[in-house]
Amino acid sequence: MSEQKMIYRSRVSDTHSFARTGVLSLNGIEIPTPVFMPVGTRGAVKSLDSDDIDELGYELILGNTYHLYLRPGTEVLEKFGGLKNFVSYKKALLTDSGGFQVFSLNSLVKFKQEGVEFRSHIDGSPHFFTPQKVIDIQRAIGSDIMMVLDDCPPGDGTVSRIKDALDRTHRWAEEAVNYWEKDKRNQFLFGIFQGGTNLDLRLESLDKIRSLPFSGIAIGGLSVGEPRPDFIRTMEGISSYTDRTRPLYLMGVGTVPDILEGVRNGVDMFDCVLPTRNARNGQVFTSQGKVNLRNEKWKLLDQPMDPECECKVCKRYSIGYIRHLHHVKELSAFSLSTYHNLHFMKKFMKELRHSIEVGNFSEFFVKWKNLYETPEISR
């Protein structure tokens, strides 16, 4: 069994909540937390290239095992020496196990004792994922952080369905960690706990995953359609039971209000397609709130999308021009809006960490929650 250096160092904790700052150490790359990870599902953050990601200063992005397994496939990834070489990205990489995509993109999923059988959403070809195979795929990808195969039940799943998910998730977690410990290859493995919004089942699952020697722990199966009050209640219910010595990752969550709730309850890591997807659909995030770029009222406005933003897009272009690009469906509308949104997220997380370190996270929380739980801004 190979030894690994500690992945996480906690620095400052908020005195009025579970919010904390820290540092993720991933094979020589130091990443301050809480951190937001852009999603590069198929090996690319949509509409941007690796130069953009470097320029924005992101040192940890996310890829997806399911999609990369189907295309380009492990043969290509191994030939290029992993995804980082393939896409010319030299920083840190986290890969989801692909379990969520197996269940969400396929109507014909068959659970078996060893894993899950499914068909490709591309051509209908049959495939089979086991805890071990998912790790092998992520080894071909070469990610710094690998996620275990788990069973993510739907947000409206019955108690019986959730209990079945826990049984599979826990069994597969044990198999995965045993397989990983035989050959770690400088890759860290995170466990995932489930339970829906049933707090008793959540804590049962957390207790099981905490007992295993994972590098970090992830909260799975939240923000999958459950009512927001249930999301908040669940986060508050598990916050005092999480392991403060390991990084805590809230999977698939990336709205400003949800990041605030997550950090308040001890979360260190977030990922979501929302900033990039919304950008392509004409919505950008600003220091004043959300902006719908397709709105007619911006047509004649010769001001940046965000007067307080220092990204290269806001420095050069007017909101009137960006609106025009979206209106006529120019491809540059996607890249410019996406670049801005990821610049916003990077700055937002930096300011969030600073608020914890100087002791005013509560004020920061209220300010940004109010901004992003209100309708679109007007000028």
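With an unreviewed UniProt entry as reference, the protein chain is termed Queuine tRNA-ribosyltransferase, source organism Leptospira andrefontaineae. In the Subunit (unreviewed entry) part of its UniProt record, the protein chain is described as follows: "Homodimer. Within each dimer, one monomer is responsible for RNA recognition and catalysis, while the other monomer binds to the replacement base PreQ1." UniProt's Sequence similarities (unreviewed entry) comment on the protein chain is quoted here verbatim: "Belongs to the queuine tRNA-ribosyltransferase family."

S.K.: Explain the overall build of the protein chain here, please?
M.R.: Looking only at helices and strands, the protein chain has 15 helices and 16 strands in total. Counting only residues that meet the buried cut, the protein chain has 55% of its 379 residues in that class. Sequence separation of at least 24 residues holds for 67% of the intrachain contacts in the protein chain that already meet a minimum separation of 6. Accessible surface, the protein chain as shown: approximately 16300 Å² in total, 49% of it carbon and sulfur.

S.K.: When you look at the layout of surface pockets in this model, what are you seeing that I'm missing?
M.R.: The gaps left among the atoms become clear once a water-sized probe is rolled over them. Its boundaries defined by the atoms lining it, the largest pocket holds a volume of some 810 Å³. In terms of lining residues, the largest pocket is bounded by 33 residues, among which V39, F100, Q101, D271 and V273 are the most central. Per-element accounting of the lining of the largest pocket gives the leading share, four residues, to helix α11 (residues 274–280). Counted by class, the lining of the largest pocket contains 14 nonpolar, twelve polar and seven charged residues.

S.K.: What is the right way to read the domain arrangement of the protein chain from this model?
M.R.: For an interface, size is often stated in terms of accessible area lost upon the parts coming together. We note that the domain assignment places domain 1 (8–271) and domain 2 (278–370) within the protein chain. Measuring from the centre of the C-alpha atoms in domain 1 to the corresponding centre in domain 2 gives 27 Å. For the domain 1 and domain 2 pair, buried surface summed over both sides reaches about 2400 Å², with 73% attributable to carbon and sulfur atoms. Three residues stand out in domain 1 for area buried against domain 2, namely L56, V256 and L260, and they jointly supply 24% of the buried area on that side. On inspection of domain 1 and its partner domain 2, the count reaches four salt bridges. The partner of R11 in a salt bridge is E357, with the nearest N and O atoms 3.1 Å apart. Here domain 1 is connected to domain 2 by ten residue pairs in polar contact (both at pLDDT 80 or more). Listed by contribution, the elements that provide at least two residues to the side of domain 1 that touches domain 2 are β1 (8–13), β2 (20–26), β3 (29–33), β4 (35–37), α1 (50–56) and α10 (256–264).

S.K.: I would appreciate a short explanation of the UniProt feature "active site" (unreviewed entry) in the protein chain in the present structure.
M.R.: Those residues carrying the UniProt feature "active site" (unreviewed entry) are D96 and D271 in this numbering. Judged by maximum C-alpha separation, these annotated positions cover 176 residues in sequence but sit close together in space, the widest gap being only 10.4 Å. Of the annotated set named above, D96 and D271 line the largest pocket. Tracing the chain through its elements places D96 in strand β6 (residues 92–96). With a relative accessible area of 11%, D96 lands in the buried category.

S.K.: Sorry if this is basic, but what is going on with the pattern of salt bridges here?
M.R.: Opposite charge on two side chains lets them pair, provided their charged atoms get close. Tallied over the full model, the rule gives 23 salt bridges. Notably, a salt bridge pairs R161 with D151, separated by 2.9 Å at the nearest N-O pair. Taken together, the positions of R161 in helix α7 (residues 159–181) and D151 in the loop between β10 (145–147) and α7 put the pair ten residues apart, joining distant regions of the chain. Classification of R161 as partly exposed rests on a relative accessible area of 23%. Residue classification places D151 among the buried positions, given a relative accessible area of 0%. Residue R264 pairs with E236 through a salt bridge whose shortest N-O separation is 2.7 Å. Separated by 28 residues along the polypeptide, R264 in helix α10 and E236 in helix α9 (residues 228–238) bring together distant segments of the chain. Given a relative accessible area of 23%, R264 falls into the partly exposed group. Overlapping salt bridges bring together E236, E261, R264 and K369 as one network.

S.K.: Could you clarify how one ought to interpret the sheet that holds β2 in this entry?
M.R.: By way of backbone hydrogen bonds, the strands of a sheet pair with one another, either parallel or antiparallel. As summarised here, the arrangement of the three strands in space is β1-β2-β3, forming an open sheet in which the pairing is antiparallel. The open sheet has two edge strands, β1 and β3, and neither has a second partner. Taking each pair of neighbouring strands and ignoring which way they run, the sheet shows an average axis angle of 20°. Looking at chain direction, β2 and β3 are connected through five bridges and run antiparallel. When the sheet's bridge partners are listed, L26 is paired in β3 with I29.

Reading the values: rules and limits
- Residues numbered from 1 in each chain as written.
- Predicted model: local features only at pLDDT ≥ 70, side-chain atom pairs only at ≥ 80, totals over all residues.
- Heavy atoms only, no water.
- UniProt positions renumbered as here; feature names shortened; annotations may be inferred.
- Helix = DSSP H or I, 4+ residues; strand = E, 2+ residues; numbered from the N terminus.
- Buried < 20%, exposed > 50% of the residue type's maximum accessible area, 1.4 Å probe, protein only.
- Contact = heavy atoms within 4.5 Å.
- Areas by Shrake-Rupley, 256 points an atom, 1.4 Å probe, with all protein chains shown as cover.
- 1 Å grid on protein atoms, 1.4 Å probe; cavity = no way out; pocket = protein on both sides within 12 Å on 5 of 7 lines; lining within 4 Å.
- Points joined across faces, edges and corners; volume = space filled by probe spheres on them.
- Nonpolar A, V, L, I, M, F, W, Y, C, P; charged D, E, K, R; others polar.
- Domains from an automatic or database assignment.
- Buried area = accessible area lost by both parts, 1.4 Å probe.
- Salt bridge = Lys/Arg side-chain N within 4 Å of Asp/Glu carboxyl O.
- Polar contact = N/O pair within 3.5 Å; in protein donor to acceptor, adjacent residues only side chain to side chain.
- Pairing = 2+ DSSP bridges.
- Axes fitted to C-alpha atoms, helices over the stretch in contact; angles between N-to-C directions.

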